[in-house]
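Structural overview for review
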Amino acid sequence: VMNDDEASSGIVRITPFVGAWIQGLGYLRVGYGMYDFTSKADNSEKYTVKHRDFSVLLGIALGAGPYLQGSYTRAKNLSEFGDVSWHEWGVGLGTTFPLSPMAAIVTELEYRWILSHYDPFLEEKVSGSRLQLNLGFVVYVYLWGNYPMLGFTAKRSYMHCANMVKMFKRYGVHGVYRCGY
């Protein structure tokens with residue numbers, strides 16, 4: 001289901017995250033999401049709303065599979081008629097389903113709530129809650145090779161690394177995650 005240009009239908013929030021996961025303990029993720037949608041004013045005139053949100057998620061492992069998750073999001077809707085911002089809080093459960101040693105599907109079910117805030121478009125205080133299903137895909141790319149032997153020996157030569165960085169630039173790579181030591 002794809003977004004059909006309305007605020008509450010289809011996939012309306014895609015947030016890229018970066019973070020650290022310590023297997024068996026938990027994780028910390030930080031994300032910044034953005035999307036635009038159209039809305040109608042009272043006079044049926046359409047206008048564009050730019051949605052922006054900053055999210056922080058903390059997960060605690062509950063054994064080998066599931067984890068408990070808590071989240072905070074600061075969200076904003078920006079438009080030519082004015083801006084609205086609010087805080088969202090959440091708590092839920094999640095788990096990963098490994099597809100291979102290098103990839104996994106992430107699923108999370110979260111109860112989210114919005115504390116009371118004033119919405120100038122509706123001219124009233126707004127609050128609410130919802131169940132939210134988060135789906136994600138994680139890929140681990142072992143581009144530099146397998147883990148090195150213990151010690152402080154070089155894994156790759158300087159020229160090999162320089163060629164890899166040139167390749168990143170050529171293919172538009174914007175981030176690299178380093179796993180291990």
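Remember, predicted model here, so these are calculated numbers, not experimental data. (Residues numbered from 1 in each chain as written. Predicted model: local features only at pLDDT ≥ 70, side-chain atom pairs only at ≥ 80, totals over all residues. Heavy atoms only, no water.)

Let's shift gears to the overall build of the protein. Each helix and strand in the protein was counted, giving one helix and seven strands. Listing the helices and strands of the protein from first to last along the sequence gives β-β-β-β-β-β-β-α. A burial count over the protein gives 27% of its 181 residues as buried. In the protein, of all internal contacts separated by at least 6 residues, the share reaching a separation of at least 24 is 44%. Accessible surface for the protein amounts to roughly 12,900 Å². Of this, 64% is attributable to carbon and sulfur atoms. (Helix = DSSP H or I, 4+ residues; strand = E, 2+ residues; numbered from the N terminus. Buried < 20%, exposed > 50% of the residue type's maximum accessible area, 1.4 Å probe, protein only. Contact = heavy atoms within 4.5 Å. Areas by Shrake-Rupley, 256 points an atom, 1.4 Å probe, with all protein chains shown as cover.)

Moving on, we get to the packing of aromatic side chains. How two aromatic rings sit relative to each other is set out by the distance from centre to centre and by the angle between their planes. Here the structure, examined in full by the defined rule, presents three aromatic pairs. An angle of 85 degrees between the planes, with centres 5.3 Å apart, marks the rings of tyrosine 27 and tyrosine 67 as edge-to-face. One end of the pair, tyrosine 27, is in strand β2 (residues 26-40); the other, tyrosine 67, is in strand β4 (residues 67-79), with 40 residues separating them in the sequence. Considered together, tyrosine 27 and tyrosine 67 belong to a single accessibility category, that of buried residues. (Phe/Tyr/Trp six-rings, centres within 6.5 Å; stacked < 30°, edge-to-face > 60°.)

Counting through the fold element by element, alanine 64 comes out in the loop between β3 (46-61) and β4. Note on alanine 64: relative accessible area 83%, which makes it exposed. Here the alpha-carbon distance between alanine 64 and threonine 95, two residues 31 residues apart in the chain, equals 9.5 Å.

The subject of this paragraph is the pattern of salt bridges. Here the structure, examined in full by the defined rule, presents six salt bridges. The shortest N-O distance in the salt bridge between glutamate 88 and arginine 130 comes to 3.2 Å. Pair noted here: glutamate 88 is in strand β5 (residues 82-100) and arginine 130 is in strand β7 (residues 124-139), with a separation of 42 residues, a long-range link. The salt bridge involving arginine 112 is made with glutamate 110; its shortest N-O contact spans 3.1 Å. In terms of burial, arginine 112 and glutamate 110 fall into one category: buried. Residues joined in a network through salt bridges with shared partners are Glu88, Glu110, Arg112 and Arg130. (Salt bridge = Lys/Arg side-chain N within 4 Å of Asp/Glu carboxyl O.)

Given the relative accessible area of 2%, glutamate 88 is considered buried. A polar atom in the side chain of glutamate 88 sits 2.9 Å from the side chain of tryptophan 86. At 3.2 Å, the side chain of glutamate 88 and the side chain of arginine 130 are in polar contact. (Polar contact = N/O pair within 3.5 Å; in protein donor to acceptor, adjacent residues only side chain to side chain.)

What follows covers a nonpolar patch on the surface. On the surface, Ile60, Leu62, Leu68, Val91, Leu93, Leu109, Tyr111, Leu131, Leu133 and Leu135 cluster together into a nonpolar patch covering about 990 Å² of accessible area. Of all the secondary-structure elements, those providing two or more residues to the nonpolar patch are β5, β6 (103-119) and β7. It is β7 that provides the largest number of residues to the nonpolar patch, a total of three residues. By the secondary structure assignment, leucine 109 is in strand β6. According to the relative accessible area criterion, leucine 109 is partly exposed, its value standing at 47%. (Patch = residues over 30% accessible without salt bridge, like charges linked within 9 Å, V, L, I, M, F, W, Y side chains within 5 Å.)

Across six bridges, the pairing between strand β1 (residues 17-22) and β2 is antiparallel. Note on β2: the bridge partner recorded for tryptophan 21 is tyrosine 27. Summarising the sheet, β2 and β3 pair through 15 bridges and their orientation is antiparallel. Looking across to β3, one finds that arginine 29 is bridged to leucine 57. (Pairing = 2+ DSSP bridges.)

Once that is clear, we can look at the confidence of the model for the protein. Taken as a whole, the protein shows an average pLDDT of 77; of its residues, 75% reach a score of 70 or greater. Taking the mean pLDDT of every element in the protein, the minimum, 76, falls on β1 and the maximum, 90, on β4. This model gives residues 1-5 a pLDDT under 50, and the stretch forms 13 contacts once residues within four places in sequence are excluded. (pLDDT = per-residue confidence, 0-100.)

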